[in-house]
Amino acid sequence: MTKKRVFSGIQPTGNTHLGNYLGAIRRWAAEQADKTNFFCVVDLHSLTVPQDPAQLRHETRSMAALLLACGIDPQQSTVFIQSHVTAHAEGCWLLNCITPLGWLQRMTQFKDKSARQESVLTGLLDYPVLMAGDILFYDADEVPVGEDQKQHVELTRDIAQRFNALYETEFFVIPQPVIAKVAARVMGLDDPTVKMSKSLADKRGHAVKLLDSPDEILYVFKRAVTDSGREIRFADDPDKAGVNNLLGIYQAVTGQDRAAVEADFASARGYGDLKVRVAEVVIEALRPIQARHAELMADSGELDHVLAAGAARAREVSQPKVDEMKQIMGLVPVHPTF
Ligand code: TYM
(Lines give C-alpha, C1' and ligand atoms only; values in the text may rest on other atoms or scores of the structure.)
Protein backbone atom coordinates (compact mmCIF):
# COMPACT_ATOMS: atom_id res chain seq x y z
CA MET A 1 0.00 0.00 0.00
CA THR A 2 1.43 3.42 -0.89
CA LYS A 3 1.73 5.83 1.99
CA LYS A 4 -0.39 8.98 2.03
CA ARG A 5 1.47 12.21 1.28
CA VAL A 6 1.20 14.86 3.95
CA PHE A 7 2.14 18.53 3.63
CA SER A 8 1.82 21.18 6.28
CA GLY A 9 3.46 24.47 7.12
CA ILE A 10 3.95 26.93 9.93
CA GLN A 11 5.03 30.57 9.94
CA PRO A 12 8.23 31.37 11.78
CA THR A 13 7.67 33.57 14.77
CA GLY A 14 8.78 33.72 18.36
CA ASN A 15 5.13 33.64 19.30
CA THR A 16 4.54 29.98 18.49
CA HIS A 17 1.88 29.00 21.00
CA LEU A 18 -0.05 26.14 22.47
CA GLY A 19 -2.69 26.38 19.70
CA ASN A 20 -0.01 25.79 17.05
CA TYR A 21 1.36 22.90 19.06
CA LEU A 22 -1.90 21.12 19.88
CA GLY A 23 -3.72 21.97 16.65
CA ALA A 24 -0.83 21.14 14.34
CA ILE A 25 2.79 20.33 15.28
CA ARG A 26 2.06 17.63 17.85
CA ARG A 27 -0.23 15.82 15.44
CA TRP A 28 2.33 16.00 12.66
CA ALA A 29 4.84 14.30 14.96
CA ALA A 30 2.36 11.73 16.24
CA GLU A 31 1.25 10.59 12.79
CA GLN A 32 4.47 10.83 10.81
CA ALA A 33 5.42 7.14 10.90
CA ASP A 34 2.60 5.99 8.62
CA LYS A 35 2.88 8.78 6.03
CA THR A 36 5.29 10.48 3.64
CA ASN A 37 5.62 13.91 5.21
CA PHE A 38 6.75 17.38 4.23
CA PHE A 39 6.84 20.01 6.98
CA CYS A 40 7.79 23.48 5.96
CA VAL A 41 8.75 26.65 7.82
CA VAL A 42 6.97 29.15 5.60
CA ASP A 43 9.22 32.19 5.78
CA LEU A 44 7.87 33.60 2.48
CA HIS A 45 4.44 33.70 4.07
CA SER A 46 5.87 35.76 6.93
CA LEU A 47 6.94 38.47 4.48
CA THR A 48 3.27 39.25 3.78
CA VAL A 49 3.45 41.61 6.77
CA PRO A 50 6.48 43.81 7.57
CA GLN A 51 9.35 41.96 9.30
CA ASP A 52 12.67 42.87 10.84
CA PRO A 53 15.27 40.95 8.74
CA ALA A 54 17.53 39.85 11.60
CA GLN A 55 14.58 38.75 13.68
CA LEU A 56 12.99 36.85 10.80
CA ARG A 57 16.27 35.02 10.19
CA HIS A 58 16.54 34.04 13.83
CA GLU A 59 12.92 33.00 14.16
CA THR A 60 12.99 30.89 11.02
CA ARG A 61 15.84 28.79 12.39
CA SER A 62 14.25 28.71 15.82
CA MET A 63 10.97 27.48 14.32
CA ALA A 64 12.75 24.70 12.46
CA ALA A 65 14.51 23.71 15.71
CA LEU A 66 11.16 23.72 17.47
CA LEU A 67 9.67 21.29 14.95
CA LEU A 68 12.51 18.85 15.61
CA ALA A 69 12.26 19.43 19.36
CA CYS A 70 8.55 18.61 19.21
CA GLY A 71 9.39 15.19 17.83
CA ILE A 72 9.40 15.60 14.07
CA ASP A 73 11.97 13.08 12.96
CA PRO A 74 14.04 13.99 9.89
CA GLN A 75 14.37 10.26 9.14
CA GLN A 76 10.62 10.06 8.68
CA SER A 77 9.74 13.57 7.58
CA THR A 78 11.23 16.16 5.26
CA VAL A 79 11.70 19.41 7.20
CA PHE A 80 12.70 22.48 5.23
CA ILE A 81 12.53 26.25 4.87
CA GLN A 82 10.17 27.43 2.15
CA SER A 83 12.53 30.03 0.64
CA HIS A 84 15.21 27.34 0.16
CA VAL A 85 13.04 25.75 -2.50
CA THR A 86 12.43 28.18 -5.36
CA ALA A 87 9.64 26.08 -6.87
CA HIS A 88 7.25 27.58 -4.28
CA ALA A 89 7.63 31.17 -5.44
CA GLU A 90 7.93 30.23 -9.11
CA GLY A 91 4.87 28.01 -9.07
CA CYS A 92 2.90 30.56 -7.09
CA TRP A 93 3.12 32.91 -10.07
CA LEU A 94 1.70 30.23 -12.34
CA LEU A 95 -1.18 29.58 -9.96
CA ASN A 96 -1.79 33.33 -9.65
CA CYS A 97 -2.51 33.36 -13.34
CA ILE A 98 -5.43 30.95 -13.03
CA THR A 99 -6.87 32.17 -9.69
CA PRO A 100 -9.72 34.69 -9.83
CA LEU A 101 -9.16 37.76 -7.66
CA GLY A 102 -12.61 37.42 -6.07
CA TRP A 103 -11.66 34.06 -4.54
CA LEU A 104 -8.84 35.75 -2.59
CA GLN A 105 -10.86 38.79 -1.55
CA ARG A 106 -13.37 36.45 0.09
CA MET A 107 -10.86 34.79 2.44
CA THR A 108 -11.79 35.56 6.04
CA GLN A 109 -8.16 35.69 7.20
CA PHE A 110 -7.39 38.28 4.54
CA LYS A 111 -10.38 40.34 5.60
CA ASP A 112 -9.38 40.15 9.29
CA LYS A 113 -5.68 40.78 8.80
CA SER A 114 -6.07 43.55 6.22
CA ALA A 115 -8.53 45.35 8.49
CA ARG A 116 -5.76 45.53 11.10
CA GLN A 117 -3.08 46.95 8.72
CA GLU A 118 -2.65 50.54 7.67
CA SER A 119 -1.19 49.58 4.33
CA VAL A 120 -2.09 46.16 2.93
CA LEU A 121 0.60 44.46 0.90
CA THR A 122 -0.17 42.55 -2.31
CA GLY A 123 1.49 39.51 -0.75
CA LEU A 124 -1.13 39.39 1.98
CA LEU A 125 -3.89 38.98 -0.58
CA ASP A 126 -1.84 36.42 -2.49
CA TYR A 127 -0.90 34.44 0.62
CA PRO A 128 -3.42 31.60 0.04
CA VAL A 129 -2.14 31.04 -3.49
CA LEU A 130 1.41 30.58 -2.18
CA MET A 131 -0.06 28.17 0.35
CA ALA A 132 -1.97 26.30 -2.38
CA GLY A 133 1.30 25.83 -4.25
CA ASP A 134 3.02 24.52 -1.12
CA ILE A 135 0.48 21.76 -0.96
CA LEU A 136 -0.08 21.04 -4.65
CA PHE A 137 3.58 20.87 -5.73
CA TYR A 138 4.02 17.89 -3.39
CA ASP A 139 0.91 16.00 -4.53
CA ALA A 140 -0.23 16.04 -0.91
CA ASP A 141 -3.28 13.92 -0.08
CA GLU A 142 -3.65 15.30 3.44
CA VAL A 143 -3.08 18.69 5.04
CA PRO A 144 -3.19 18.53 8.86
CA VAL A 145 -4.07 22.01 10.11
CA GLY A 146 -6.03 23.81 12.82
CA GLU A 147 -9.58 24.92 12.11
CA ASP A 148 -8.47 28.43 11.06
CA GLN A 149 -6.65 27.13 7.97
CA LYS A 150 -9.53 25.04 6.66
CA GLN A 151 -10.77 27.74 4.32
CA HIS A 152 -7.31 28.05 2.76
CA VAL A 153 -7.15 24.31 2.13
CA GLU A 154 -10.60 24.44 0.56
CA LEU A 155 -9.38 27.23 -1.70
CA THR A 156 -6.40 25.02 -2.60
CA ARG A 157 -8.85 22.35 -3.70
CA ASP A 158 -10.73 24.89 -5.82
CA ILE A 159 -7.51 26.10 -7.46
CA ALA A 160 -6.41 22.53 -8.18
CA GLN A 161 -9.78 21.66 -9.67
CA ARG A 162 -9.77 24.80 -11.78
CA PHE A 163 -6.32 24.00 -13.16
CA ASN A 164 -7.32 20.41 -13.90
CA ALA A 165 -10.49 21.58 -15.66
CA LEU A 166 -8.81 24.38 -17.65
CA TYR A 167 -6.09 22.11 -18.99
CA GLU A 168 -8.21 18.94 -19.14
CA THR A 169 -5.84 17.00 -16.94
CA GLU A 170 -5.64 15.25 -13.60
CA PHE A 171 -2.31 16.90 -12.92
CA PHE A 172 -3.04 18.10 -9.40
CA VAL A 173 -4.03 15.80 -6.56
CA ILE A 174 -7.04 17.25 -4.72
CA PRO A 175 -5.93 17.48 -1.06
CA GLN A 176 -8.03 16.97 2.06
CA PRO A 177 -7.82 19.20 5.14
CA VAL A 178 -7.36 17.05 8.25
CA ILE A 179 -8.57 18.86 11.34
CA ALA A 180 -8.02 17.53 14.88
CA LYS A 181 -11.04 16.38 16.88
CA VAL A 182 -9.60 17.95 20.02
CA ALA A 183 -7.87 21.35 20.18
CA ALA A 184 -8.61 22.25 16.55
CA ARG A 185 -9.22 25.77 17.81
CA VAL A 186 -7.49 26.66 21.05
CA MET A 187 -8.94 29.93 22.32
CA GLY A 188 -7.24 32.94 23.90
CA LEU A 189 -6.74 32.59 27.66
CA ASP A 190 -7.54 36.25 28.22
CA ASP A 191 -10.63 36.05 26.00
CA PRO A 192 -12.06 32.61 25.20
CA THR A 193 -14.23 34.03 22.42
CA VAL A 194 -11.23 34.67 20.15
CA LYS A 195 -8.78 32.16 18.72
CA MET A 196 -5.36 32.00 20.35
CA SER A 197 -3.23 33.72 17.72
CA LYS A 198 0.37 34.69 17.12
CA SER A 199 -0.56 38.25 16.30
CA LEU A 200 -2.15 38.71 19.74
CA ALA A 201 0.46 36.67 21.59
CA ASP A 202 2.57 39.71 22.48
CA LYS A 203 -0.19 40.70 24.85
CA ARG A 204 0.68 39.06 28.18
CA GLY A 205 -2.06 36.67 29.25
CA HIS A 206 -3.39 35.86 25.77
CA ALA A 207 -1.31 32.79 24.92
CA VAL A 208 1.10 30.26 26.32
CA LYS A 209 4.14 30.34 24.06
CA LEU A 210 6.08 27.12 23.62
CA LEU A 211 9.30 28.68 24.87
CA ASP A 212 7.75 30.43 27.92
CA SER A 213 9.27 29.68 31.33
CA PRO A 214 7.31 27.52 33.81
CA ASP A 215 6.65 30.62 35.94
CA GLU A 216 5.23 32.51 32.99
CA ILE A 217 3.02 29.56 32.00
CA LEU A 218 1.64 29.31 35.52
CA TYR A 219 1.05 33.05 35.62
CA VAL A 220 -0.85 33.05 32.32
CA PHE A 221 -3.06 30.10 33.28
CA LYS A 222 -3.80 31.56 36.71
CA ARG A 223 -5.09 34.70 35.03
CA ALA A 224 -7.19 32.79 32.47
CA VAL A 225 -10.70 34.18 32.07
CA THR A 226 -13.44 31.76 33.18
CA ASP A 227 -16.90 32.57 34.55
CA SER A 228 -18.59 33.10 37.89
CA GLY A 229 -19.65 29.44 38.34
CA ARG A 230 -17.80 26.51 39.89
CA GLU A 231 -18.71 23.50 37.80
CA ILE A 232 -15.79 21.85 35.97
CA ARG A 233 -17.22 19.98 33.00
CA PHE A 234 -17.41 20.31 29.22
CA ALA A 235 -20.45 22.37 28.25
CA ASP A 236 -21.81 23.67 24.95
CA ASP A 237 -22.49 27.03 26.51
CA PRO A 238 -20.83 30.27 25.36
CA ASP A 239 -20.72 31.42 28.99
CA LYS A 240 -18.52 28.40 29.76
CA ALA A 241 -16.08 29.01 26.89
CA GLY A 242 -13.17 29.69 29.26
CA VAL A 243 -13.61 26.47 31.24
CA ASN A 244 -14.19 24.50 28.04
CA ASN A 245 -10.96 25.86 26.61
CA LEU A 246 -8.96 24.89 29.71
CA LEU A 247 -10.49 21.41 29.71
CA GLY A 248 -9.82 21.07 25.98
CA ILE A 249 -6.16 21.96 26.50
CA TYR A 250 -5.91 19.47 29.36
CA GLN A 251 -7.61 16.80 27.25
CA ALA A 252 -5.32 17.36 24.27
CA VAL A 253 -2.16 17.35 26.38
CA THR A 254 -3.07 14.26 28.43
CA GLY A 255 -4.71 12.36 25.56
CA GLN A 256 -7.65 11.35 27.77
CA ASP A 257 -11.32 11.24 26.79
CA ARG A 258 -13.80 13.78 28.11
CA ALA A 259 -15.17 11.54 30.87
CA ALA A 260 -11.68 10.85 32.22
CA VAL A 261 -10.87 14.56 32.15
CA GLU A 262 -14.01 15.44 34.10
CA ALA A 263 -13.26 12.63 36.57
CA ASP A 264 -9.80 14.13 37.17
CA PHE A 265 -11.49 17.32 38.35
CA ALA A 266 -14.35 15.75 40.30
CA SER A 267 -12.78 16.68 43.62
CA ALA A 268 -11.21 19.97 42.50
CA ARG A 269 -11.93 23.02 44.62
CA GLY A 270 -13.11 25.46 42.01
CA TYR A 271 -11.47 27.03 38.98
CA GLY A 272 -8.27 27.94 40.82
CA ASP A 273 -7.41 24.23 41.08
CA LEU A 274 -8.32 23.65 37.45
CA LYS A 275 -6.02 26.43 36.24
CA VAL A 276 -3.03 25.22 38.25
CA ARG A 277 -3.54 21.60 37.17
CA VAL A 278 -3.75 22.56 33.49
CA ALA A 279 -0.64 24.71 33.88
CA GLU A 280 1.21 21.76 35.42
CA VAL A 281 0.48 19.32 32.60
CA VAL A 282 1.43 21.95 30.02
CA ILE A 283 4.70 22.81 31.82
CA GLU A 284 5.61 19.10 31.96
CA ALA A 285 4.75 18.58 28.28
CA LEU A 286 6.86 21.55 27.22
CA ARG A 287 9.87 20.89 29.47
CA PRO A 288 11.63 18.32 27.22
CA ILE A 289 10.74 20.32 24.10
CA GLN A 290 12.36 23.45 25.50
CA ALA A 291 15.48 21.52 26.53
CA ARG A 292 15.88 19.96 23.07
CA HIS A 293 15.22 23.31 21.39
CA ALA A 294 18.01 24.93 23.44
CA GLU A 295 20.39 22.12 22.46
CA LEU A 296 19.63 22.46 18.75
CA MET A 297 20.02 26.24 18.85
CA ALA A 298 23.34 26.01 20.70
CA ASP A 299 24.95 23.82 18.05
CA SER A 300 23.86 24.93 14.59
CA GLY A 301 25.54 22.00 12.77
CA GLU A 302 22.77 19.45 13.24
CA LEU A 303 20.01 21.90 12.35
CA ASP A 304 21.83 23.18 9.26
CA HIS A 305 22.37 19.63 8.07
CA VAL A 306 18.72 18.66 8.52
CA LEU A 307 17.54 21.80 6.70
CA ALA A 308 19.95 21.37 3.80
CA ALA A 309 18.96 17.72 3.33
CA GLY A 310 15.29 18.67 3.69
CA ALA A 311 15.55 21.38 1.04
CA ALA A 312 17.31 19.00 -1.37
CA ARG A 313 14.59 16.38 -0.95
CA ALA A 314 11.83 19.00 -1.25
CA ARG A 315 13.38 20.32 -4.47
CA GLU A 316 13.51 16.82 -5.94
CA VAL A 317 9.75 16.55 -5.55
CA SER A 318 8.49 20.06 -6.25
CA GLN A 319 10.72 21.35 -9.06
CA PRO A 320 9.77 18.63 -11.60
CA LYS A 321 6.13 19.26 -10.73
CA VAL A 322 6.46 22.99 -11.41
CA ASP A 323 8.46 22.30 -14.60
CA GLU A 324 5.72 20.04 -15.88
CA MET A 325 3.11 22.61 -14.94
CA LYS A 326 4.94 25.22 -17.01
CA GLN A 327 4.80 22.94 -20.02
CA ILE A 328 1.11 22.22 -19.56
CA MET A 329 0.53 25.98 -19.50
CA GLY A 330 2.42 26.52 -22.75
CA LEU A 331 5.81 27.78 -21.58
CA VAL A 332 8.77 26.65 -23.67
CA PRO A 333 11.10 24.20 -21.87
CA VAL A 334 14.86 24.73 -21.88
CA HIS A 335 16.31 22.66 -24.72
CA PRO A 336 17.97 19.61 -23.11
CA THR A 337 21.17 19.79 -25.22
CA PHE A 338 22.17 23.31 -24.15
P1 TYM B 1 0.17 29.34 11.20
O2 TYM B 1 1.66 29.51 11.20
O3 TYM B 1 -0.66 30.52 11.54
O4 TYM B 1 -0.25 28.18 12.15
C5 TYM B 1 0.38 26.90 12.12
C6 TYM B 1 -0.64 25.83 12.45
O7 TYM B 1 -1.22 26.06 13.74
C8 TYM B 1 -2.64 26.01 13.64
N9 TYM B 1 -3.24 26.94 14.63
C10 TYM B 1 -4.10 26.57 15.59
N11 TYM B 1 -4.64 25.38 15.91
C12 TYM B 1 -5.48 25.34 16.97
N13 TYM B 1 -5.80 26.42 17.73
C14 TYM B 1 -5.29 27.64 17.43
N15 TYM B 1 -5.60 28.70 18.17
C16 TYM B 1 -4.40 27.75 16.32
N17 TYM B 1 -3.71 28.79 15.76
C18 TYM B 1 -3.00 28.26 14.72
C19 TYM B 1 -2.93 26.48 12.22
O20 TYM B 1 -4.21 26.08 11.79
C21 TYM B 1 -1.81 25.81 11.45
O22 TYM B 1 -2.15 24.47 11.15
N23 TYM B 1 -0.94 29.59 6.33
C24 TYM B 1 -0.46 28.72 7.38
C25 TYM B 1 0.88 28.11 7.08
C26 TYM B 1 0.99 27.39 5.77
C27 TYM B 1 0.48 26.10 5.49
C28 TYM B 1 0.88 25.82 4.16
C29 TYM B 1 -0.29 25.18 6.23
C30 TYM B 1 1.64 27.84 4.68
N31 TYM B 1 1.58 26.87 3.70
C32 TYM B 1 0.53 24.64 3.54
C33 TYM B 1 -0.62 23.98 5.58
C34 TYM B 1 -0.22 23.71 4.26
C35 TYM B 1 -0.30 29.53 8.67
O36 TYM B 1 -0.10 30.71 8.64
O37 TYM B 1 -0.30 28.76 9.79
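Residues numbered from 1 in each chain as written. Predicted model: local features only at pLDDT ≥ 70, side-chain atom pairs only at ≥ 80, totals over all residues. Heavy atoms only, no water.

**So, unusual backbone geometry**
Peptide bonds are, in most cases, trans, and in most cases residues other than glycine have a negative phi. One non-glycine residue, D139, lies in positive phi territory at about 50 degrees. Under the relative-accessibility criterion, D139 is labelled partly exposed at 25%. Positive phi outside glycine occurs at A183, with the angle close to 65 degrees. Take A183: it is sitting in the loop between β5 (176–179) and α9 (214–222). For A183, a relative accessible area of 15% puts it in the buried group. (Buried < 20%, exposed > 50% of the residue type's maximum accessible area, 1.4 Å probe, protein only. Helix = DSSP H or I, 4+ residues; strand = E, 2+ residues; numbered from the N terminus.)

**Some thoughts on the environment of T99**
Structurally, T99 is set in the loop between α4 (87–96) and α5 (101–105). Here T99 falls in the buried class, since its relative accessible area comes to 11%. As for T99 and V282, which are separated by 183 residues in sequence, their C-alpha atoms are 42 Å apart. Apart from residues no more than four positions distant in its own chain, T99 is found in contact with L104, V129 and I159. (Contact = heavy atoms within 4.5 Å.)

**Brief notes about the pairing of β5**
By the bridge criterion, four bridges tie strand β4 (residues 142–145) to β5 in an arrangement that is parallel. Looking across to β5, one finds that V143 is bridged to P177. Once the chain exits β4 it traverses helix α8 (residues 150–166) before rejoining the sheet at β5, and the crossover so formed is right-handed. (Pairing = 2+ DSSP bridges. Right-handed = clockwise from strand over helix to strand, strands pointing away.)

Any link to function would need more than the numbers given here.
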